[in-house]
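# Fold and geometry: a report
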Amino acid sequence: MEFIPAKTLVTRTKDLSWFGARYNMNIYKGCSHGCIYCDSRSNCYQIEDFGTIRAKQDALAIIRKQLRGRIGAGVISTGAMSDPYNPLEKEYELTREALKLIDRYHFGVAIATKSDLITRDIDLLSKINKHSPTIVKITITACNDKLSKIVEPGVCPSSKRFEALKKISEAGIFCGILMMPILPFIEDNEENIVGIVRKAAECGVNFIYPAIGMTIREGQREYFYQKLDEKFPGLREKYEKKFNLRYRCTSDKVRKLWPIFVAECKRYGILYNMPDIIKAYQSGFWQEEQLSLF
Ligand code: SF4
């Protein structure tokens, strides 16, 4: 694996609105999971050769230095722009070692991934959860494995991700699903949405955070359309006609699907609003005045 220079690894977020995280941490750059809709391929991020995973040089030493400095308590989020449980993590264990530091310096953690490799670190997540808020978000956009292997070809199928959630939930760690994006014309149907919620309920998840639609930017669009041509012939034309160069591409069916999604979540006691999710996993750890900021 190639290592790239870095000065800081843990950066402060603009606000606490995304799962209440005060910090972001990206140990890796690039991702090999090959999701056809990946936003991180967009030109604005300027990540060359996105499919090749690189790691930040001396990542653990930098994280250690930052966390033992006076940056203030908070939840550290990881999993934006690259997956912390990419295939190389199995060998290099950089995410695992970073979790040890997060535990040692008493920070909270919010992890987003699509890989069931995260179950390897349930022991550390449980340790962190004893002293600080801990939340695991696993992205699932397709209820069935056949479709998930088409839209997310480089990572384990949805069934393995549901299994991972079950294990994490059984370990007492707050967890749920990032149900986003729900691709228009492909995943925006009742069967898929209801199927995800019901399987989530069987796994004991605490929340599902949805987006019924997707966003498309320059760079991402070209890759996505190329994959549509390969895997869903004829759909590119529908996207072009419907969305043209639009950034927010909301499904036409959102008005029909949203109440169905909400009713299913309520039926199983699954949270779906961001403030409720943040409050549920952070209460008991942070002061009430901090929670009221959300
Ligand atoms: S896992 Fe995330 S970063 Fe990796 S390809 Fe998929 S969407 Fe992009």
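Placed above this text is the structure.
The shown structure was predicted, so the numbers you read here are calculated from the model rather than taken from an experiment.

## Here we look at unusual backbone geometry
Look at the link from M180 to P181: it is a cis peptide, with omega at -5 degrees. Inspection of the secondary structure assignment puts P181 in the loop between β9 (174-179) and α7 (190-203). Even without being glycine, F185 reaches a positive phi, approximately 70 degrees. Mapped onto the elements of the fold, F185 is located in the loop between β9 and α7. By the C-beta count within 10 Å, which is 16 here, F185 ends up partly exposed.

## Let's talk about the packing of helix α3 (residues 94-104) against helix α4 (residues 122-131)
Orientation of α3 relative to α4, taken along the N-to-C sense of each, is 15 degrees, at an axis distance of 9 Å. The orientation of α3 with respect to α4, classified from their angle, is roughly parallel. As for the relative orientation of α3 and α4, their crossing is left-handed in sense. Each of R96, L99, K100, I102 and D103 in α3 lies in contact with α4, whose residues at this interface are L124, K127 and I128. Of the residues belonging to the contact of α3 with α4, the class tally is four nonpolar, no polar and four charged.

## Considerations on the site of the ligand
Around the ligand sit C31, H33, G34, C35, C38, S40, S82, D83 and K114, and that is every residue in its neighbourhood. In terms of residue class, the shell around the ligand is made up of three nonpolar, four polar and two charged.

## Observations concerning the pairing of strand β6 (residues 75-78)
Neither face of β6 is exposed, since V75 and S77 on one face and I76 and T78 on the opposite face are all buried. Alignment of β6 against strand β7 (residues 108-113), held across four bridges, turns out to be parallel. By the bridge assignment for β7, T78 is matched with I111.

## What about the environment of R255?
By the element assignment, R255 lies in helix α10 (residues 254-268). The spacing of R255 and G154 is 101 residues in sequence and 32 Å in space, taken between C-alpha atoms.

## Some details on the sheet that holds strand β4 (residues 28-29)
Taking strand neighbours across the sheet as the criterion, the three strands line up as β1-β5-β4 in an open arrangement whose pairing is mixed. In the strand order of this sheet, the two ends are held by β1 (2-4) and β4, each with one partner. Across three bridges, β1 lies against strand β5 (residues 54-56) in parallel orientation. In the sheet register, I4 faces β5, and the bridge partner there is K56.

## Description of the pairing of strand β10 (residues 207-210)
Sheet topology note: the β9/β10 ladder contains four bridges and is parallel. Directly across from G176, in β10, lies its bridge partner F207. One crossover worth recording links β9 to the parallel β10 by way of α7, and it is right-handed.

How each quantity is defined
Residues numbered from 1 in each chain as written. Predicted model: local features only at pLDDT ≥ 70, side-chain atom pairs only at ≥ 80, totals over all residues. Helix = DSSP H or I, 4+ residues; strand = E, 2+ residues; numbered from the N terminus. Buried ≥ 20, exposed ≤ 12 C-beta atoms within 10 Å, placed from the backbone. Axes fitted to C-alpha atoms, helices over the stretch in contact; angles between N-to-C directions. Parallel < 35°, antiparallel > 145°, perpendicular 65-115°, else oblique. Left-handed = near helix turned anticlockwise from the far one by under 90°. Contact = placed C-beta atoms within 7 Å. Nonpolar A, V, L, I, M, F, W, Y, C, P; charged D, E, K, R; others polar. Near = placed C-beta within 6 Å. Pairing = 2+ DSSP bridges. Right-handed = clockwise from strand over helix to strand, strands pointing away.

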